[in-house]
Amino acid sequence: MSYVLIYGSRSSKTFKPKKNIPEGSHQYELLKHAEATLGSGNLRQAVMLPEGEDLNEWIAVNTVDFFNQINMLYGTITEFCTETSCSVMSAGPRYEYHWADGTNIKKPIKCSAPKYIDYLMTWVQDQLDDETLFPSKIGVPFPKNFMSVAKTILKRLFRVYAHIYHQHFDSVMQLQEEAHLNTSFKHFIFFVQEFNLIDRRELAPLQDLIEKLGSKDR
């Protein structure tokens, strides 16, 4: 996809450029459809594939949107997520994440949360900028491995939500951002559940919250 880069107001290097889907493109129309449906308040309905649309394109548009949302959410708490306060990338005492991208870093390395998230967001950005993976031109097909790449992106983005909830929720509440965080995460979870995009074991760090959000929607 071809995107315009709009840099965030925060100077933190972990706050990545926002990705904009070009106006007038079919993907832009899909994004507008998603936003309009979200406005109805029915998140289960909002994540469903619109009639007649391509599944890969729908997943691509939403993956970009989640990248932007998580970028903004993490950007609000970067001052609290430091090499000192978060010397490892974790989601509570039972879950710790080590970084590897299979290209530049092949063997998983232990690093601080801000460093891990910087690696992660840079890697995601590189995938979104790759026209062979996320084509923006009409008629250009998605590659055969697109779904696999999208699943890996979403699995890794989930880890940022998990870190924020486990390590920084007090800061989120102080900033009065909890409603924004909860709505974003609920949208994310309903989306990955609808298309079975993240293995249940990967969701374990926030399983109680996921069940609570799901029960409220029944």
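The structure displayed is predicted, hence computed values, not measured ones.

**Some details on the overall build of the protein chain**
Consideration 1: Each helix and strand in the protein chain was counted, giving seven helices and four strands.
Consideration 2: Along the protein chain, helices (α) and strands (β) appear in the sequence β-β-α-α-α-β-β-α-α-α-α when read from the amino end.
Consideration 3: Here the protein chain, with 218 residues, has 50% of them falling under the buried criterion.
Consideration 4: The long-range share in the protein chain, meaning contacts at least 24 apart out of those at least 6 apart in sequence, stands at 69%.

**Quick look at the nonpolar core**
Soluble, globular proteins show a tendency: their nonpolar side chains are buried together.
Consideration 1: Core analysis: the largest hydrophobic core is formed by 58 residues, its most contacted members being L157, F158, Y161, F185, F188 and I189.
Consideration 2: Counting residues per element, the ones that place at least two in this core are α3 (55-77), α4 (113-129), α5 (146-174), α6 (178-194) and α7 (207-216).
Consideration 3: The residues touching F188, leaving out its near neighbours within four places in the chain, are F66, L154, L157, F158, Y161 and I198.

**Here's the deal with the packing of aromatic side chains**
Consideration 1: Scanning the entire structure with this criterion turns up 14 aromatic pairs.
Consideration 2: The cationic tip of R44 hangs over the ring face of F190; the distance from NZ or CZ to the ring centre is 3.6 Å.
Consideration 3: Sitting over the ring of W123, R156 keeps its end group 4.4 Å from the ring centre.

**Re unusual backbone geometry**
Consideration 1: Despite not being glycine, Q176 shows a phi value in the positive range, around 60°.
Consideration 2: With a relative accessible area of 69%, Q176 lands in the exposed category.
Consideration 3: With a phi close to 55°, N196 is a non-glycine residue in the positive phi region.
Consideration 4: As for its placement among the helices and strands, N196 is situated in the loop between α6 and α7.

**Let's talk about the confidence of the model for the protein chain**
Consideration 1: On average, the protein chain scores 85 in pLDDT, and the residues at 70 or more come to 80%.
Consideration 2: Counted against residues more than four places away or in other chains, residues 1-15, with its pLDDT under 50, gives 48 contacts.

**With respect to the pattern of salt bridges**
Consideration 1: Going through the model one piece at a time under the given rule, you end up with four salt bridges.
Consideration 2: Across the pair K110 and E96 runs a salt bridge, and its minimum N-O distance is 3.8 Å. With K110 in the loop between β4 (96-97) and α4 and E96 in strand β4, this residue pair connects regions lying 14 residues apart in the sequence.
Consideration 3: Looking at E96, the relative accessible area reads 39%, which means it is partly exposed.
Consideration 4: The partner of R200 in a salt bridge is E211, with the nearest N and O atoms 3.8 Å apart. Here E211 lies in helix α7 and R200 lies in the loop between α6 and α7, a separation of 11 residues in the sequence.

Reading the values: the criteria
- Residues numbered from 1 in each chain as written.
- Predicted model: local features only at pLDDT ≥ 70, side-chain atom pairs only at ≥ 80, totals over all residues.
- Heavy atoms only, no water.
- Helix = DSSP H or I, 4+ residues; strand = E, 2+ residues; numbered from the N terminus.
- Buried < 20%, exposed > 50% of the residue type's maximum accessible area, 1.4 Å probe, protein only.
- Contact = heavy atoms within 4.5 Å.
- Core = buried A, V, L, I, M, F, W, Y, C linked by side-chain atoms within 4.5 Å.
- Phe/Tyr/Trp six-rings, centres within 6.5 Å; stacked < 30°, edge-to-face > 60°.
- Lys NZ or Arg CZ within 6 Å of the ring centre and 35° of its normal.
- pLDDT = per-residue confidence, 0-100.
- Salt bridge = Lys/Arg side-chain N within 4 Å of Asp/Glu carboxyl O.

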